[in-house]
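Analysis of the macromolecular model
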Amino acid sequence: MTTIERPLTTAHMPPDRYRAFTLHNLESLPQLDRIPAHIVEGIRVVGQVLPFKTNSYVVNELINWDDVPHDPIFVLNFPQPDMLEPGHYALVKQALDSGNQETLDAAVETVRRALNPHPAGQMEHNVPEIYGHKLTGMQHKYRETVLFFPSNGQTCHAYCTFCFRWPQFVGDDEMKFAMRETELLVAYLQEHEEVTDLLITGGDPLVMSARNLRTYIEPVLEAKIPHLRTIRIGSKALSYWPYRFTRDKDADDLLALFREVKEAGIHLALMAHLNHPRELSTPAVEQAIARILETGAQIRTQSPLMRNINDDADTWAQMWKLQVGLGLIPYYMFLARDTGAQNYFSVPLVRATEIFRGAYTQVSGICRTVRGPSMSTDPGKIQVLGETEVDGRKLLALSFIQGRNPDWVMRPFFARLDRGATWIDELRPAFGAERFFYEDELQEMFDEDVRHLARFEESRS
Ligand SMILES: *Cc1c(COP(=O)(O)O)cnc(C)c1O
Ligand code: SF4
């Protein structure tokens with residue numbers, strides 16, 4: 001792919017009026033007749049399990065309808081038949097056809113459980129505490145950075161079909177991380193001098209009104225926490241609703257809030273989730289980017305590598321070049337697992353390194369701020385460096401970008417080469433070792449967590 005063509009807008013509605021399309025109003029999607037019938041059925045069936053939502057901007061400005069169903073942005077938002085394995089698909093379709101809600105709920109529940117909605121031990125192991133409170137809307141896994149999930153930011157302007165956060169959108173309270181207590185967040189930050197970064201994430205925190213977002217950010221600024229240097233906001237609004245920064249009625253208030261962060265002496269980084277160069281092709285996104293950068297905020301970009309969406313080197317090279325041209329800073333290429341539709345999207349590790357390298361070698365040093373491909377695992381973010389050979393043995397070289405123990409970072413280590421492996425747990429250590437170098441220590445950390453949790457439960461009963 002060398003040029004990005006802007007898809008022709010076929011059906012016109014005012015492009016800046018937000019309108020969501022879900023299963024409930026799929027009939028009113030202007031482009032519905034451009035979607036083959038079996039794909040429409042797939043949306044209705046698979047959409048019971050994976051959350052489905054798109055919007056007027058995505059369908060009118062981003063999707064190339066001439067290329068549906070293969071269009072990457074279409075695949076990004078519209079559940080596809082192959083995203084469920086045939087047995088699961090049949091189960092849900094039959095339940096849906098039966099017209100019986102209870103049957104359908106049971107089928108959906110069965111399939112969701114099978115899809116494993118708890119990636120990488122996030123829920124169990126990284127919940128911080130203060131004053132005997134479990135801060136369930138936060139995670140503190142890497143020393144410098146605290147993740148905060150505001151309870152009002154647990155949705156998005158549209159839903160990515162691969163999203164591992166889907167349990168948050170489907171109303172299963174047990175699986176939600178959320179918290180209202182900014183006070184506890186501030187207290188936690190004050191107490192933890194090692195924390196330099198607060199990362200506000202979701203869902204998408206920018207679905208919130210500026211006023212709402214302010215109720216989270218202002219107390220943090222007012223607390224004047226000396227060790228807090230950076231506030232990051234993770235968001236896909238640049239792709240899914242760039243008018244958030246331009247014509248929404250509180251767009252100016254949002255940008256004013258960004259300025260205030262900057263003026264308080266704290267660096268503001270918008271961590272933009274961008275999956276495909278097409279997302280950078282509209283006048284709306286260009287204008288949004290320019291307005292954000294004017295506030296003094298920076299925009300760093302990250303994306304998972306997804307089969308059927310962006311699994312080729314040229315797409316990434318083009319994406320990074322466009323990003324840099326617009327003043328954005330490429331940050332991470334992620335490998336994804338536990339997406340729900342894992343088989344549909346997964347790319348083997350070795351193939352991922354080839355794509356990364358194929359893109360990295362096409363771009364100048366200015367784009368090479370990007371790191372990856374990276375797996376977010378229990379022990380940390382593991383970068384897959386690539387295939388290599390030592391003393392006649394074929395190996396895969398790896399290294400931590402982030403570690404639950406910071407000391408694990410940047411110590412190259414080796415696995416036996418396995419070209420089919422898609423995740424660290426499918427790899428075996430090289431040179432006959434039983435375990436990777438970090439595994440014993442990780443086990444000790446988990447054991448300590450379990451003992452701690454037991455003491456905690458005891459103290460509360
Ligand atoms: C990626 C990630 C962060 C941020 O890591 P950086 O390397 O600072 O970008 C923080 N917490 C968790 C749990 C993460 O997965
Ligand atoms: S924007 Fe992010 S949180 Fe929202 S659906 Fe996509 S990946 Fe998930």
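Reading the values: the criteria
Residues numbered from 1 in each chain as written. Chains lettered and ligands numbered in written order. Predicted model: local features only at pLDDT ≥ 70, side-chain atom pairs only at ≥ 80, totals over all residues. Heavy atoms only, no water. Pairing = 2+ DSSP bridges. Helix = DSSP H or I, 4+ residues; strand = E, 2+ residues; numbered from the N terminus. Axes fitted to C-alpha atoms, helices over the stretch in contact; angles between N-to-C directions. Phe/Tyr/Trp six-rings, centres within 6.5 Å; stacked < 30°, edge-to-face > 60°. Near = heavy atom within 4 Å. Polar contact = N/O pair within 3.5 Å; in protein donor to acceptor, adjacent residues only side chain to side chain. Areas by Shrake-Rupley, 256 points an atom, 1.4 Å probe, with all protein chains shown as cover. Core = buried A, V, L, I, M, F, W, Y, C linked by side-chain atoms within 4.5 Å. Buried < 20%, exposed > 50% of the residue type's maximum accessible area, 1.4 Å probe, protein only. Domains from an automatic or database assignment. Contact = heavy atoms within 4.5 Å. Nonpolar A, V, L, I, M, F, W, Y, C, P; charged D, E, K, R; others polar. Buried area = accessible area lost by both parts, 1.4 Å probe. Salt bridge = Lys/Arg side-chain N within 4 Å of Asp/Glu carboxyl O.

Turning our eyes to something else, we now look at the sheet that holds strand 10 (residues 298-305). Picture the strands of a sheet paired through backbone hydrogen bonds; they go either parallel or antiparallel. Read from one edge to the other, the open sheet built from eleven strands follows the order 5-6-7-8-9-10-11-12-13-14-15, with strand pairing classed as mixed. Of all strands in the sheet, those bounded by a partner on one side alone are strand 5 (138-142) and strand 15 (413-416). When the angles between neighbouring strand axes are averaged without regard to direction, this sheet yields 30 degrees. In this sheet, strand 6 (residues 145-148) lies alongside strand 5 in antiparallel orientation, the contact comprising three bridges.

The final tally for this structure, using the stated rule, is 27 aromatic pairs. Ring geometry for Trp 241 versus Tyr 243: centroids 4.9 Å apart, planes at 70 degrees, classification edge-to-face. A centroid spacing of 5.2 Å and a plane angle of 25 degrees characterise the contact between Phe 356 and Tyr 360, whose relative ring orientation is stacked. Linking Phe 356 with Tyr 360, this pair stays in helix 15 (residues 349-360), spanning four residues, or about one helical turn.

A few words now on the site of ligand 1. In the region of ligand 1, the neighbouring residues are Gln 139, Tyr 142, Thr 145, Leu 147, Arg 232, Tyr 331, Tyr 332, Lys 381 and Gln 402. Between Tyr 331 and ligand 1, the recorded distance is 2.7 Å, taken from a side-chain N or O atom to an oxygen atom. Contact between ligand 1 and Lys 381: an oxygen atom at 2.7 Å from a side-chain N or O atom of the residue. Computed on the free molecule, ligand 1 has an accessible area of 380 Å², of which 89% lies beneath the protein chains in the complex. Elements supplying a minimum of two residues to the shell around ligand 1: strand 5, strand 6 and strand 11 (329-335).

As a further point, take the nonpolar core. Generally speaking, nonpolar side chains in soluble globular proteins are found buried as a group. Judged by nonpolar contacts, the single largest core of 99 residues is most densely connected at Ile 35, Phe 78, Ile 231, Leu 238 and Phe 245. Residue contributions to this core reach at least three from each of two domains, namely domain 1 (20-113) and domain 2 (117-339). For Leu 238, the contacting residues outside a window of four places in its chain are Phe 245, Leu 270, Ala 272, Val 285, Ala 288, Ile 289, Ile 292 and Ile 299. In terms of nonpolar packing, the next biggest core, distinct from the first, is built from 36 residues, Ala 317, Ala 359, Trp 423 and Leu 442 among them.

Around ligand 2, the surrounding shell consists of Cys 156, Tyr 159, Cys 160, Cys 163, Arg 165, Phe 169, Gly 203, Lys 236 and His 273. Across the shell around ligand 2, the residue classes break down as five nonpolar, two polar and two charged.

Okay, the domain arrangement of the protein chain next. Domain parsing of the protein chain yields domain 1 (20-113), domain 2 (117-339) and domain 3 (346-461). Residue-level contacts link 25 residues of domain 1 with 29 residues of domain 2. Taken over both partners, the interface formed by domain 1 and domain 2 buries close to 2200 Å², and the fraction arising from carbon and sulfur atoms is 61%. Of all residues in domain 1, the largest losses of buried area upon contact with domain 2 belong to Pro 51, Tyr 57 and Leu 76, amounting jointly to 32% of the total for that side. Scanning the region where domain 1 abuts domain 2 turns up one salt bridge. For Arg 278, the salt bridge goes to Asp 71, with nearest N and O atoms at 2.9 Å. Counting the contacts that link domain 1 with domain 2 gives twelve residue pairs in polar contact (both at pLDDT 80 or more). For the side of domain 1 that touches domain 2, the secondary structure elements donating two or more residues are strand 2 (54-55), helix 2 (56-62), helix 3 (72-77) and helix 5 (101-114).

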